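Chain by chain, the residues:
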Amino acid sequence: MTISRTSAAGSTPTAGTTAAALPPSESVAQQTWQAFRRNPLGLASAAVLILLILVAAGAGLIADYPSGYGEDVLAGPSAAHWFGTDDLGRDVFAQVVWGTRVSIVVGLAASVLAIVIGVLVGVAAAYFRYADALLGVIVDLSLSLPVLPLMILVAALAGPSVSTLVVVIALFSWPEVARVVRSQGLAVVPMPYVSAARVIGGSHLWIIRKHVLPGVAPVIAVSVVLTTSRAVLSEAGLSFLGLGDPNSWSWGAILHQAQRSGSLATAWWTTLFPSLAILLLVVATTLLAVAYNDARNPRTR
Amino acid sequence: MPAGIRFLLHRVLRGLLTMWFAVTVTFFLLRLLPGDPALAIADPGMTEELRAKLLADYGLDRSLGVQYWEYLTQLAQGNLGVSFRQNQPVLDILLERLPWTLLLAGSALAVTVALGIPLGVLAATHAKSGLDRFIQVGGITGQSLFVPSIGVLLLYVFGVQLGLLPIGGAMDGDATGAAAWGSIAVHLILPCLSLVLVQLGSYVLTLRSTLIDALGEDYCTLARAKGMPQRRVVWRHALRNALLPTTTLVGLQLGFLVGGAVLTESIYAYPGVGRSIFEAVGQLDFPVLQGAFLMLAFAVIVANLLTDVAYGLLDPRVRTA
């Protein structure tokens, strides 16, 4: 026998009559989508993110991999080089395009890893009250430390590579996710339907999967977006300091190259375009999260 | 025990616990990671005996528990080890640089709060207007800025193109007396402004939403009904209550502020702890990296403690909670 939220509600006579009086009800997801569709800022942000993902996926189709030396050194933007060239004559447009791939892959991978750890810890803290004290303190303590210097230390020790970046960023990003998931979980766990599931003898795992996780899912959705943009910023910061993967381009690595060659102060195009790419991605993710939150909330919908 | 003392004691204990956590995390990360500290300073061609001697010199041949205890006692005595590259105690190197970082981060925080409160009030009192929209979009954009990007932009415009402000360093070497202070102030403007632009958004947006909530409370309606001018309702009644979440934000943002300072100092060759991190990364100087993290963590914890205590003095609810 399965008891879900809808069948539990449907078993009471009043719920049946109200449902009949209302027009054919849409699911929450449909209502959210209807509201989201009317928000131009949210749609534009989603479009920008899809575009960036397409650029990341099809980098090879858009530009040749930037390597070797070019003839035009530190040339400004022109028809041949849209974003100009760097101190070795490499095309900055190609660097930004290929950098999109690494920046987005690192951002997404680190975010997924951080979300998995954060959700596990957050749900465990909200559901198992005895674990909350310890987990809550660990999360609180990690959140009050300066994370970037710690990431730098670990990344330097582990040696620079794409996988190092992913693990290091995830390792220090999950507490934020755990904090948000825990506070939402604390609102879900005392709900009557969770107690009901416990009364009928559901196992902890089953209750968490069927009732607690769906309850915190909207928060997780927002977290994915925000954690990704924060991970992209962390990746850019580490790469800018020279802790990026030396064999691949990322937006932060372009800035690192510009800083190291000293062209930072003279050739504005070497820093402006990667900077704009970072800004575009982070603004789009933030606005998307805001638009989703507004669309989901019946009061702002 | 009086509530005030208990509150203070509780916060101090919390600070100590956080510091212990930072130290312990660092210790285990250092020991668990493949970057063997002895290998990092050793030649690949060296003999097995030399390696063993090196391990013994650094105490790496003993059990993890003994090493951990040693590590704690050393740190408690202020021993952060010796820099691989500069052959100087890490503590001495960093203490020389800490004042610059404190100056930069402290002034950035002060300017952020000084600008953030009026901007947040302006947005909240003109909620849903064009001005409010503008401040909100500005806040979100500011939060999304990458610190080095805005740093380079300011440096390029004001330092290189307009030539109004110095492009790096903390002061002119030959300046003395009043000129030295002026030089320090001029060198501080661009790094500080970079940090302010990145931080400001969170403060404005948080204050805006809490102030809008506070203005809808009964006590504000009552104050208005009594005929109190709106200005006084906002600044005397609503703002005082709306500032609590903003103060909590200072605590949450301090770590972020320090991270931003590391990046800013790297851009502007500002001689703080962050700049030594930047240099140590290039030289793989692990003791400096570790010492810098611990020192910055300590600074953040102390600053957090001071914020808490200051707020406890201002708001009795915090003391008794």
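Rules of the game
- Residues numbered from 1 in each chain as written.
- Chains lettered and ligands numbered in written order.
- Predicted model: local features only at pLDDT ≥ 70, side-chain atom pairs only at ≥ 80, totals over all residues.
- Heavy atoms only, no water.
- UniProt positions renumbered as here; feature names shortened; annotations may be inferred.
- Helix = DSSP H or I, 4+ residues; strand = E, 2+ residues; numbered from the N terminus.
- Contact = heavy atoms within 4.5 Å.
- Areas by Shrake-Rupley, 256 points an atom, 1.4 Å probe, with all protein chains shown as cover.
- Lys, Arg positive; Asp, Glu negative; His and termini not counted.
- Charge placed at Lys NZ, Arg CZ, Asp CG, Glu CD.
- Axes fitted to C-alpha atoms, helices over the stretch in contact; angles between N-to-C directions.
- Left-handed = near helix turned anticlockwise from the far one by under 90°.
- Nonpolar A, V, L, I, M, F, W, Y, C, P; charged D, E, K, R; others polar.
- Buried area = accessible area lost by both parts, 1.4 Å probe.
- Salt bridge = Lys/Arg side-chain N within 4 Å of Asp/Glu carboxyl O.
- Polar contact = N/O pair within 3.5 Å; in protein donor to acceptor, adjacent residues only side chain to side chain.
- Core = buried A, V, L, I, M, F, W, Y, C linked by side-chain atoms within 4.5 Å.
- Buried < 20%, exposed > 50% of the residue type's maximum accessible area, 1.4 Å probe, protein only.
- Phe/Tyr/Trp six-rings, centres within 6.5 Å; stacked < 30°, edge-to-face > 60°.
- Patch = residues over 30% accessible without salt bridge, like charges linked within 9 Å, V, L, I, M, F, W, Y side chains within 5 Å.

Under an unreviewed UniProt entry, the name given to chain A is ABC transporter permease, and the source organism is Micromonospora radicis. The Subcellular location (unreviewed entry) field of the UniProt record for chain A holds the comment "Cell membrane". Per UniProt, chain A has the following entry under Sequence similarities (unreviewed entry): "Belongs to the binding-protein-dependent transport system permease family."

S.K.: Let's hear about the overall build of chain A: which residues, and what values?
M.R.: Within chain A, the regular secondary structure consists of 14 helices and 0 strands. Contacts in chain A between residues far apart in sequence, at least 24 positions, make up 70% of those at least 6 positions apart. A total of about 14,100 Å² of accessible surface is found on chain A, and carbon and sulfur atoms cover 68% of it. With 16 positive and 13 negative side-chain charges, chain A shows a spacing of 22 Å between the two charge centroids.

S.K.: How would you explain the packing of helix α6 (residues 92-127) of chain A against helix α12 (residues 204-240) of chain A if you had to name every residue and give the values?
M.R.: All names here are of chain A. α12 packs onto α6 with a crossing angle of 145° between their chain directions and a minimal axis gap of 7 Å. Our pair here, α6 against α12, has a crossing hand that is right-handed. Split by residue class, the contact of α6 with α12 holds 18 nonpolar, 7 polar and 1 charged.

S.K.: Lay out the interface of chain A and chain B in plain terms, naming residues and giving numbers.
M.R.: Accessible area lost when the parts come together is the quantity often used to give the size of an interface. Every contact between the two is made by 39 residues of chain A and, on the other side, 43 residues of chain B. Summing both partners gives a buried area of about 3,800 Å² for chain A against chain B, and 82% of it is carried by carbon and sulfur. Linking chain A with chain B are 0 salt bridges, by the criterion used here. Inspection of the region where chain A meets chain B yields 2 residue pairs in polar contact (both at pLDDT 80 or more).

S.K.: How would you explain the nonpolar core if you had to name every residue and give the values?
M.R.: Ranked by internal contacts, the top residues of the largest apolar core, which has 125 residues, are I152(A) and L289(B). Formed by 17 residues, the second largest nonpolar core is a distinct cluster that contains I115(A), V123(A), V177(A) and V181(A).

S.K.: Provide a residue-level description of unusual backbone geometry, including the pertinent values.
M.R.: Of note in this structure, N87(B) is not a glycine but carries a positive phi near 50°. Mapped onto the elements of the fold, N87(B) is located in the loop between α4 (64-76) and α5 (90-125).

S.K.: Describe the UniProt feature "transmembrane region" (unreviewed entry) in chain A, listing the residues and the values that go with them.
M.R.: All names here are of chain A. Under the local residue numbering, the UniProt record ascribes the feature "transmembrane region" (unreviewed entry) to residues 41-63, 104-128, 148-174, 212-233 and 272-292. Summarising residues 148-174: 81% helix, 0% strand, and an end-to-end C-alpha distance of 14 Å. Secondary structure across residues 212-233 divides into 100% helix and 0% strand, with the first and last C-alpha atoms of the span separated by 31 Å.

S.K.: Quick one: what's the story with helix α11 (residues 273-283) of chain B, residue by residue and with numbers?
M.R.: All names here are of chain B. Burial runs high along α11: 8 of the 11 residues are buried. Of all the residues in α11, the buried ones are V273, G274, R275, S276, I277, F278, A280 and V281. Taken from the residues just after α11, L284 is the one with a positive phi, measuring 50°.

S.K.: Can you lay out the pattern of salt bridges for me, pointing to particular residues and giving the numbers?
M.R.: Following the criterion strictly, the structure yields 7 salt bridges over all chains and no others. Notably, a salt bridge pairs D132(A) with R182(A), separated by 2.7 Å at the nearest N-O pair. A residue pair is termed long-range when its members are at least 10 positions apart, and D132(A) in helix α7 (residues 129-143) and R182(A) in helix α10 (residues 174-188) qualify at 50 residues. For D132(A), a relative accessible area of 8% corresponds to the buried category. Measuring nitrogen to oxygen at the nearest pair gives 2.7 Å for the salt bridge that ties D132(B) to R208(B). With D132(B) in helix α6 (residues 130-144) and R208(B) in helix α8 (residues 177-215), this pair connects stretches of sequence that are 76 residues apart. With respect to burial, D132(B) and R208(B) carry one shared label: buried. Taken together, the shared-partner salt bridges connect R129(A), D132(A) and R182(A) into one network.

S.K.: Before we move on, can you summarise the side chain of S144(B) with the specific residues and values?
M.R.: Examined against the element boundaries, S144(B) turns out to sit in helix α6. Here the side chain of S144(B) touches I140(B) through a polar contact of 2.7 Å, landing on its backbone oxygen. In this structure S144(B) touches L233(A), L279(A), V282(A), V283(A) and T286(A), once residues within four positions along its chain are discounted.

S.K.: So, the packing of aromatic side chains: which residues are in play, and what are the values?
M.R.: All names here are of chain B. Evaluation of the coordinates by the stated rule reveals 10 aromatic pairs over all chains. Here F27 and Y71 contribute two aromatic rings whose centre-to-centre distance is 5.2 Å and whose plane-to-plane angle is 50°, an arrangement assigned as tilted. Note that F27 is positioned in helix α1 (residues 3-32) and Y71 in helix α4, a separation of 44 residues in sequence. Given a relative accessible area of 0%, F27 falls into the buried group. Between F28 and Y68 the ring centres are 5.6 Å apart and the planes differ by 35°, which places this aromatic pair in the tilted class.

S.K.: Can you explain a nonpolar patch on the surface? Please cite residues and give values.
M.R.: All names here are of chain B. The grouping of V111, L115, L119, L122 and L131 at the surface amounts to a nonpolar patch, some 350 Å² of accessible area in total. Residue contributions to the nonpolar patch peak at 4 residues, all from α5. Tracing the sequence through the fold places V111 in helix α5. Here V111 falls in the partly exposed class, since its relative accessible area comes to 34%.

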